[in-house]
Amino acid sequence: MEQKRFYITTPIYYPSDKLHIGHTYCTVATDAMARYKRLQGYDVMFLTGTDEHGQKIETKANEAGVTPQQFVDQIVEGPRGVKDLWKLMNISYDRFIRTTDDYHVAAIQKIFKKMYEKGDIYKGTYKGKYCTPCESFWTESQLKDGCCPDCGRPVVDAEEEAYFFRLSKYADKVRDLLVNTDFLQPRSRVNEMIRNFIDPGLEDLCVSRTSFKWGVPVDFDPKHVVYVWIDALFNYTTALGFMNDKYPQSDFEKFWPADVHFVGKEIVRFHSIIWPAMLMSMEMPLPKHVFGHGWLLLDGGKMSKSKGNVVDPYILAERYSADALRYFLLRDFPFGTDGNFSNELLINRINIDLANDLGNLVSRTTAMADKYFGGTLPENQAEGPEDGELLAMAGELRSKYEADMEKYAFQNALADVFAVISRANKYIDETAPWILAKDEANHPRLARVLYNLAETLRICTVLLQPFMPETCVKIFTQLGTAEELRTWDSAEAFGRTPAAAVLHKGDNIFPRIDAAKELAELEALEAAQKAAAKESAAEEEPEGIAMIGIEDFAKVELRAAKILSCEKVKRSKKLLKLTVNDGKRERQVLSGISQWYAPEDLVGKTIVLVSNLKPAKLCGEESNGMILAADCPNDDVKVLFLDDSIPAGAKIR
Ligand code: MSP
């Protein structure tokens with residue numbers, strides 16, 4: 001019979017910064033699933049990689065004074081970079097794709113052209129809100145209080161020539177896919193997609209940009225670069241040799257369509273609407289499932305490098321082991337929903353589940369086998385009334401676990417295994433082997449008790465392999481488990497180990513952690529990390545500022561102006577609407593300072609006005625110019641007030 005196949009992917013990560021615990025979470029989950037399928041005998045393809053193009057990376061590289069390629073190389077291949085992290089975490093990926101790989105770039109150009117020739121990509125005009133300092137386009141809905149979501153500064157209406165993908169053409173088919181199949185999971189995500197995107201109507205998607213260079217050039221119109229999502233999504237197929245010679249076409253035939261894409265909730269839209277539509281356009285089969293997992297939150301909010309509150313997986317894995325971190329991530333947080341990360345949860349989980357329940361069971365079982373029988377159990381064994389429940393639970397474990405794993409319910413699968421481990425610990429108390437040991441006549445019973453413990457542990461360990469691969473090898477060594485008894489088949493039923501089992505007492509697999517001491521140390525490490533983030537943000541600033549000549553400065557016209565009236569803009573939390581006298585006329589100016597000033601604080605004051613700024617519309621109101629203010633410590637902002645003796649219209653230079 002032909003071997004069954006399984007193709008699973010992580011999202012490809014942006015190497016704009018070092019990866020954090022949130023990225024690690026998704027990759028660990030994917031790895032556990034890949035290992036589980038391999039354990040079941042599947043021929044698995046596990047793909048991960050990095051999404052290396054785009055404006056953000058171009059800007060970061062500029063700031064760092066290196067080329068974008070050098071920048072991403074460092075983060076992906078450099079010390080403690082992405083690949084090092086996956087090595088540390090024992091991620092068993094089969095392929096790693098980088099979107100800057102030549103074969104991928106060439107394939108994306110062909111794919112783009114094919115959709116263009118089909119008429120599904122066409123040239124049009126991209127209209128959006130543009131933040132000049134960030135050089136970024138935004139849609140109305142992405143704006144925060146009418147301003148750039150990245151820097152908070154005002155945006156202007158702008159247009160550029162761009163290519164569009166006819167997403168609207170596929171709206172009905174995508175709706176059908178979402179509503180009438182189990183393509184997107186968990187089901188709650190389907191409702192989100194229909195309500196937020198499909199029902200309001202799908203608009204065609206902008207798929208090229210001319211405002212930055214760091215991307216795959218459109219080969220038949222090279223001033224355009226392919227804008228992120230075509231480049232990113234098709235990685236799942238180019239890494240199998242689709243439209244390129246890097247890998248044999250047979251890989252594509254063998255593994256496509258993917259069994260499942262694991263993705264975080266904020267990119268479910270791209271994977272469940274845009275991706276199927278693009279595949280429909282290319283007349284390719286659709287992936288079988290997309291699973292949208294939740295986020296790991298910190299103090300209820302998103303982790304962010306600029307806040308300095310990201311959790312460093314390197315530190316945690318090096319301190320507590322990759323296996324402990326892997327176990328914690330998949331045991332504590334239900335995969336489909338958000339969860340709150342904390343060091344305390346991590347340490348408690350390690351102490352309670354791994355050191356107490358699992359670690360103690362292993363050490364008690366092997367120590368008793370050693371003490372009472374020199375490590376080798378006698379074949380003469382006697383059953384007892386306490387055995388029934390434990391044997392039943394251990395015997396049923398694999399099928400329960402399988403049902404959970406098939407639903408990607410890692411938390412439940414682990415809970416099933418640990419319920420059996422707890423039951424086994426209780427079985428020790430019930431059977432009291434140390435009392436049985438006192439009387440030679442009870443030795444057959446004692447041997448059976450130890451056998452039952454070892455066999456229960458073996459079954460649990462087989463099923464823990466996808467989660468804690470290194471620890472399981474250690475446990476198998478202590479239990480003396482032969483290779484053929486570490487397999488999926490061998491965990492189907494209780495009693496596969498020969499009666500005369502040979503156990504080896506070894507080191508504690510998970511030493512207990514001194515929680516108070518560790519928490520204090522972690523806190524100190526994190527405080528140092530936060531301070532470093534602040535410092536480097538402060539250091540980066542001057543580097544990010546390009547020097548200009550006096551002729552550039554001369555282009556900016558600064559004039560004194562008097563504030564005549566001022567009120568809040570109704571649709572905005574940030575904006576104030578000012579009427580100012582610029583010496584020649586009255587004009588309306590908007591300013592994002594409402595958090596720091598009440599309208600009455602400003603009326604009558606003389607301020608500095610950038611008077612030759614192009615008019616812009618913010619929250620439906622016109623702004624003709626900008627008033628100057630200073631960013632002060634502690635997030636304070638102070639408007640530059642001038643001496644009132646300076647007349648309106650005076651030029652400032
Ligand atoms: N490059 C795109 C994905 C393209 S896939 C064709 C991208 N990259 S990302 O680096 O920003 O995010 C990658 C994944 O990490 C996303 O699935 C995202 O949800 C996940 N996570 C980032 N922070 C996370 C948490 N705090 N918690 C859980 N996952 C989170 O988006």
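The structure presented is a predicted model; accordingly, all values stated were derived computationally and were not measured.

Rules of the game
Residues numbered from 1 in each chain as written. Predicted model: local features only at pLDDT ≥ 70, side-chain atom pairs only at ≥ 80, totals over all residues. Heavy atoms only, no water. Helix = DSSP H or I, 4+ residues; strand = E, 2+ residues; numbered from the N terminus. Buried < 20%, exposed > 50% of the residue type's maximum accessible area, 1.4 Å probe, protein only. Contact = heavy atoms within 4.5 Å. Areas by Shrake-Rupley, 256 points an atom, 1.4 Å probe, with all protein chains shown as cover. Lys, Arg positive; Asp, Glu negative; His and termini not counted. Charge placed at Lys NZ, Arg CZ, Asp CG, Glu CD. Domains from an automatic or database assignment. Salt bridge = Lys/Arg side-chain N within 4 Å of Asp/Glu carboxyl O. Near = heavy atom within 4 Å. Polar contact = N/O pair within 3.5 Å; in protein donor to acceptor, adjacent residues only side chain to side chain. Nonpolar A, V, L, I, M, F, W, Y, C, P; charged D, E, K, R; others polar. Pairing = 2+ DSSP bridges. Axes fitted to C-alpha atoms, helices over the stretch in contact; angles between N-to-C directions. Parallel < 35°, antiparallel > 145°, perpendicular 65-115°, else oblique. Left-handed = near helix turned anticlockwise from the far one by under 90°. Phe/Tyr/Trp six-rings, centres within 6.5 Å; stacked < 30°, edge-to-face > 60°. Core = buried A, V, L, I, M, F, W, Y, C linked by side-chain atoms within 4.5 Å. Bend = angle between axes of the 7 residues up to and from the residue. pLDDT = per-residue confidence, 0-100.

**Structural notes on the overall build of the protein chain**
Here comes step 1: Per the secondary structure count, the protein chain includes 22 helices and 24 strands.
Here comes step 2: Considered along the principal axes of its C-alpha atoms, the protein chain spans approximately 110 × 60 × 45 Å.
Here comes step 3: Here the protein chain, with 653 residues, has 52% of them falling under the buried criterion.
Here comes step 4: Sequence-distant contacts, at least 24 apart, represent 74% of the contacts inside the protein chain between residues at least 6 apart.
Here comes step 5: Entry remark: accessible area of the protein chain is about 29,600 Å², with carbon and sulfur atoms responsible for 50%.
Here comes step 6: Between the averaged position of the 81 positive side-chain charges in the protein chain and that of its 96 negative side-chain charges there is a distance of 4 Å.

**Some thoughts on the domain arrangement of the protein chain**
Here comes step 1: Taken as a whole, the protein chain is organised into domain 1 (342–491) and domain 2 (553–652).
Here comes step 2: Between domain 1 and domain 2, the C-alpha centre-to-centre distance is 72 Å.

**Some points on the pattern of salt bridges**
Where charged atoms from two side chains of opposite charge approach closely, those side chains can pair.
Here comes step 1: For the coordinates displayed, the defined rule picks out 42 salt bridges.
Here comes step 2: One network of salt bridges, in which partners are shared, links Glu52, Asp73, Glu77, Lys83 and Arg98.

**A look at the site of the ligand**
Here comes step 1: Neighbouring the ligand are 21 residues; Ile12, Asp51, Gly264, Glu266 and Leu296 lie closest to it.
Here comes step 2: Within the side chain of Asp51, an N or O atom sits 2.7 Å from a nitrogen atom of the ligand.
Here comes step 3: Leu296 has a polar backbone atom sitting 2.8 Å from a nitrogen atom of the ligand.
Here comes step 4: Contributions of two or more residues to the shell around the ligand are made by β1 (5–13), α1 (21–39), α8 (229–233), α9 (235–238) and β11 (260–264).
Here comes step 5: Examining the composition of the shell around the ligand, we find that three residues originate from one element, β1, more than from any other.
Here comes step 6: Of the residues that constitute the shell around the ligand, the class distribution is eleven nonpolar, eight polar and two charged.

**Examining the sheet that holds strand β3 (residues 95–98)**
Strand pairing in a sheet relies on backbone hydrogen bonds. The paired strands run either parallel or antiparallel.
Here comes step 1: An order of β3-β2-β1-β11-β12-β7 is seen for the six strands of this open sheet, with the pairing classed as parallel. Because the sheet does not close on itself, it has two edges, and the strands there are β3 and β7 (184–185).
Here comes step 2: With four bridges joining them, strand β2 (residues 43–50) and β3 adopt parallel strand pairing. Within β3, the residue paired with Thr50 across the bridge is Arg98.

**So, the packing of helix α16 (residues 410–431) against helix α18 (residues 443–464)**
Here comes step 1: It is the contact of α16 with α18, at a shortest axis distance of 10 Å, that shows an interaxial angle of 170 degrees. When the interaxial angle is binned, α16 and α18 end up roughly antiparallel. The handedness of the crossing between α16 and α18 comes out as left-handed. Facing α16, whose interface residues are Leu414, Val417, Phe418, Val420, Ile421, Ala424, Tyr427, Ile428 and Thr431, α18 presents Arg445, Val449, Asn452, Leu453, Thr456, Cys460, Leu463 and Leu464.

**A short note on the pairing of strand β18 (residues 606–610)**
Here comes step 1: For β18, the buried fraction is high: five of the five residues fall into the buried class.
Here comes step 2: Of the two faces of β18, both are covered, the one formed by Thr606, Val608 and Val610 as well as the one formed by Ile607 and Leu609.
Here comes step 3: As judged from the five bridges shared by strand β15 (residues 558–568) and β18, these two strands associate in the antiparallel manner. From the neighbouring strand, Ala561 faces β18, where its bridge partner is Ile607.
Here comes step 4: With two bridges joining them, β18 and strand β21 (residues 626–627) adopt antiparallel strand pairing. By the bridge assignment, Leu609 is partnered in β21 with Ile627.

**Focus on the packing of aromatic side chains**
Here comes step 1: A complete count under the given rule lists 37 aromatic pairs for this structure.
Here comes step 2: The interplanar angle of 35 degrees and the centroid separation of 4.9 Å between the aromatic rings of Phe242 and Phe252 together place this pair among those described as tilted. Placement of Phe242 in the loop between α9 and α10 (249–255) and of Phe252 in helix α10 is noted, with a sequence separation of ten residues between them. An identical accessibility class is assigned to Phe242 and Phe252; each is buried.
Here comes step 3: Both rings, one in Phe262 and one in Phe291, keep their centres 6.0 Å apart while their planes meet at 65 degrees; by these two values the pair is edge-to-face. With Phe262 in strand β11 and Phe291 in strand β12 (residues 289–293), this residue pair connects regions lying 29 residues apart in the sequence.

**Details of the side chain of Thr481**
Here comes step 1: Relative to the assigned elements, Thr481 resides in the loop between α19 (469–479) and α20 (515–544).
Here comes step 2: Using a relative accessible area of 10% as the deciding quantity, one classes Thr481 as buried.
Here comes step 3: Among residues more than four places away in sequence, those in contact with Thr481 are Arg458, Phe476 and Arg486.

**Notes on the nonpolar core**
Here comes step 1: In terms of nonpolar packing, the biggest core is built from 110 residues, with Phe262, Leu358 and Phe410 touching the most fellow members.
Here comes step 2: For this core, the element with the highest residue contribution is α18, accounting for 13 residues.
Here comes step 3: Those residues in contact with Phe262 that lie beyond four places of it in its chain are Ile8, Thr9, Thr10, Pro11, Cys26, Ala29, Thr30, Met33, Phe291, Phe335, Tyr408 and Phe410.

**Quick word on the environment of Val76**
Here comes step 1: Relative to the helices and strands, Val76 resides in helix α3 (residues 68–77).
Here comes step 2: Here the alpha-carbon distance between Val76 and Pro15, two residues 61 residues apart in the chain, equals 6.6 Å.
Here comes step 3: Setting aside its immediate chain neighbours within four residues, Val76 contacts Pro15, Thr50, Glu52, Gly81, Val82, Lys83, Phe96 and Arg98.

**Here's the deal with helix α14 (residues 343–373)**
Here comes step 1: The sharpest bend along α14 measures roughly 35 degrees and falls at Gly359.
Here comes step 2: Looking at the residues trailing α14, positive phi occurs at Gly374, about 60 degrees.

**Let's talk about helix α13 (residues 322–332)**
Here comes step 1: Counting buried positions over the eleven residues of α13 gives eleven, a clear majority of the element.
Here comes step 2: Residues of α13 that are buried: Ala322, Asp323, Ala324, Leu325, Arg326, Tyr327, Phe328, Leu329, Leu330, Arg331 and Asp332.

**Examining the confidence of the model for the protein chain**
Low-confidence regions, as indicated by low pLDDT, have predicted coordinates that should not be scrutinised in detail.
Here comes step 1: Of all residues in the protein chain, 96% have pLDDT values of 70 or greater, and the mean over the chain is 93.
Here comes step 2: Low pLDDT, under 50, characterises residues 540–545; the predicted model gives this stretch three contacts beyond four residues in sequence or across chains.

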